[in-house]
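A look at the structure
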Amino acid sequence: MAEENKGGENKEQPIIVKKVKKVMGGAHGGAWKVAYADFVTAMMAFFIVMWILASSAEVKEQVAAYFEDPGAFSYITGKRTIPVDLGLKPAPSKGKGDGDGDKKSSKDAQGGFMQFEVKLDKDSRDSLIDQLKNQATQDSLSAQKRVESLGKELGDALKELMSEKPELKEILSSIIIEMTKEGLRIELIESSESMFFEVGSANIRREAKEILQKLASEIGKLPNHVVIEGHTDSRGYAANAQYTNWELSADRANAARRILELAGLWEGQIMSVTGYADKKLRNLENPFDISNRRISIIIKQISAYQFLPEAVAAE
């Protein structure tokens, strides 16, 4: 003790107590999110299994067939296309005698895809083409019925909108929906000055924009392409004007296109936007009639040939 206090120095070591504070995740932890996601996934899988078990044998076969080959089902009808045995066989080996020519012959130059050759006699080939054409015809008819059904649905939707917003009655009454040879035609017809557009300009009114957005939400659900046309009456601008009915009709059609695309049409659905000026009058007896000013939205029919492979459609 004397040695420890020698010189007046205190040699005792200080006692250090370390306390470890445990912090739980609490409300801001992320572990519960993982557990909840696993639970939701498990419940979804459970209900799918229960639905399949309760379904008929035909439904089970269709579900199994879809997961085996999704491409065998029509994207229009949802039905499975006619199964055809093409008699596919691997192409013969073109190896160079290095012992693994068979393996290399099963891949293309870009790497990875099996090469096959199809061997069909004339009768089998003709039968296959007939089957494909028949299926394409059925798919085309189904697509046509869907477009016709859309016309009725749009008419009902506009009537419902009219009841909800009586102030739109006049402008909604100026919309004509009709089936034609080229497809479903929707016409926004000016029945008075500045019904859909401001006079002499492509500035679209708020009410017309609302209607176009309503139309787009339904048209965008279809796989059909769309064509937009702009039309004017025969009233022209001054003789030396730089802006004419050609520009006006094209600008109005383009204004409608922008709204439709932003409101629900899928990319590439619109095939063309054309301004016809007064070259396609609605009222031929009176070229100056205001009803000749209109925007036409045509939902094109899908022909049977569009459902066929290129090699078959070209015949």
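Predicted model only: the values in this text are computed from it and were never measured. (Residues numbered from 1 in each chain as written. Predicted model: local features only at pLDDT ≥ 70, side-chain atom pairs only at ≥ 80, totals over all residues. Heavy atoms only, no water.)

Counting secondary structure elements, the protein chain contains nine helices and seven strands. When the 315 residues of the protein chain are sorted by exposure, 29% land in the buried category. Of all intrachain contacts in the protein chain linking residues separated by at least 6 positions in sequence, the fraction that spans at least 24 positions is 69%. If you sum the accessible surface of the protein chain, you get close to 21600 Å²; carbon and sulfur atoms cover 55% of it. (Helix = DSSP H or I, 4+ residues; strand = E, 2+ residues; numbered from the N terminus. Buried < 20%, exposed > 50% of the residue type's maximum accessible area, 1.4 Å probe, protein only. Contact = heavy atoms within 4.5 Å. Areas by Shrake-Rupley, 256 points an atom, 1.4 Å probe, with all protein chains shown as cover.)

With that settled, consider the sheet that holds strand β7 (residues 294-300). The five strands lie next to each other as β3-β4-β7-β5-β6, forming an open sheet whose pairing is mixed. The open sheet terminates on both sides in strands that have one partner only, identified here as β3 (175-180) and β6 (270-275). If you compare each strand with its neighbour and ignore which way they point, the axes differ by 15° on average. Bridge count between strand β5 (residues 226-231) and β6: five bridges; the pairing is parallel. The residue bridging Gly230 from the neighbouring strand is Gly275, located in β6. Where helix α8 (residues 245-263) meets the sheet, its contacts fall on β5, β6 and β7, and the angle it forms with β6 comes to roughly 150°. (Pairing = 2+ DSSP bridges. Axes fitted to C-alpha atoms, helices over the stretch in contact; angles between N-to-C directions.)

Our next topic: the environment of Leu248. Mapped onto the fold, Leu248 is located in helix α8. For Leu248, a relative accessible area of 5% translates into the label buried. Separated by 16 residues in sequence, Leu248 and Thr232 have C-alpha atoms that sit 7.8 Å apart. Here Leu248 is in contact with Gly200, Ser201, Ala202, Thr232, Tyr237 and Tyr243, once residues within four sequence places are set aside.

What follows covers unusual backbone geometry. A positive phi angle is found at Ala277, which is not glycine, with a value near 55°. Structurally, Ala277 is set in the loop between β6 and β7.

Here the focus is the nonpolar core. Core analysis: the largest hydrophobic core is formed by 34 residues, its most contacted members being Ile186, Leu188, Leu215 and Ile297. For this core, the secondary structure elements donating two or more residues are α5 (122-164), α6 (169-172), β4 (183-189), α7 (206-219), β5, α8 and β7. The leading source of residues in this core is α7, at six residues. Beyond its immediate stretch of four places on either side in the chain, Ile186 contacts Leu154, Ile175, Ile176, Ile177, Leu215, Ile219, Ile295, Ser296, Ile297 and Ile299. (Core = buried A, V, L, I, M, F, W, Y, C linked by side-chain atoms within 4.5 Å.)

Before going further, it helps to spend a moment on the packing of α7 against α8. At a minimum axis distance of 8 Å, the contact between α7 and α8 shows a crossing angle of 50°. It follows from the interaxial angle that α7 and α8 lie oblique. Crossing of α7 against α8: the hand is right-handed. Within the contact between the two elements, α7 uses Lys209, Leu212, Gln213, Ala216 and Ser217 and α8 uses Ala256, Ile259, Leu260 and Ala263. Of the residues that constitute the contact of α7 with α8, the class distribution is six nonpolar, two polar and one charged. (Parallel < 35°, antiparallel > 145°, perpendicular 65-115°, else oblique. Left-handed = near helix turned anticlockwise from the far one by under 90°. Nonpolar A, V, L, I, M, F, W, Y, C, P; charged D, E, K, R; others polar.)

Here the focus is the pattern of salt bridges. According to the stated counting rule, one finds 15 salt bridges in the structure shown. One salt bridge in this structure joins Lys300 and Glu182, with 3.8 Å as the shortest N-O distance. Of this pair, Lys300 sits in strand β7 while Glu182 sits in the loop between β3 and β4; the two residues are 118 residues apart in sequence, bridging distant segments of the chain. Its relative accessible area of 25% is what places Lys300 among the partly exposed residues. With a relative accessible area of 31%, Glu182 lands in the partly exposed category. Residue Glu229 pairs with Arg185 through a salt bridge whose shortest N-O separation is 3.5 Å. Of the two residues, Glu229 is situated in strand β5 and Arg185 in strand β4; the sequence distance between them amounts to 44 residues. An identical accessibility class is assigned to Glu229 and Arg185; each is buried. Beyond isolated ion pairs, a larger network of salt bridges with shared partners links Glu182, Arg185, Glu187, Glu229, Arg282, Arg294 and Lys300. (Salt bridge = Lys/Arg side-chain N within 4 Å of Asp/Glu carboxyl O.)

Let us look at the confidence of the model for the protein chain. Looking at the protein chain, pLDDT values average 77 and 69% of them are 70 or higher. Low pLDDT, under 50, characterises residues 82-116; the predicted model gives this stretch 37 contacts beyond four residues in sequence or across chains. (pLDDT = per-residue confidence, 0-100.)

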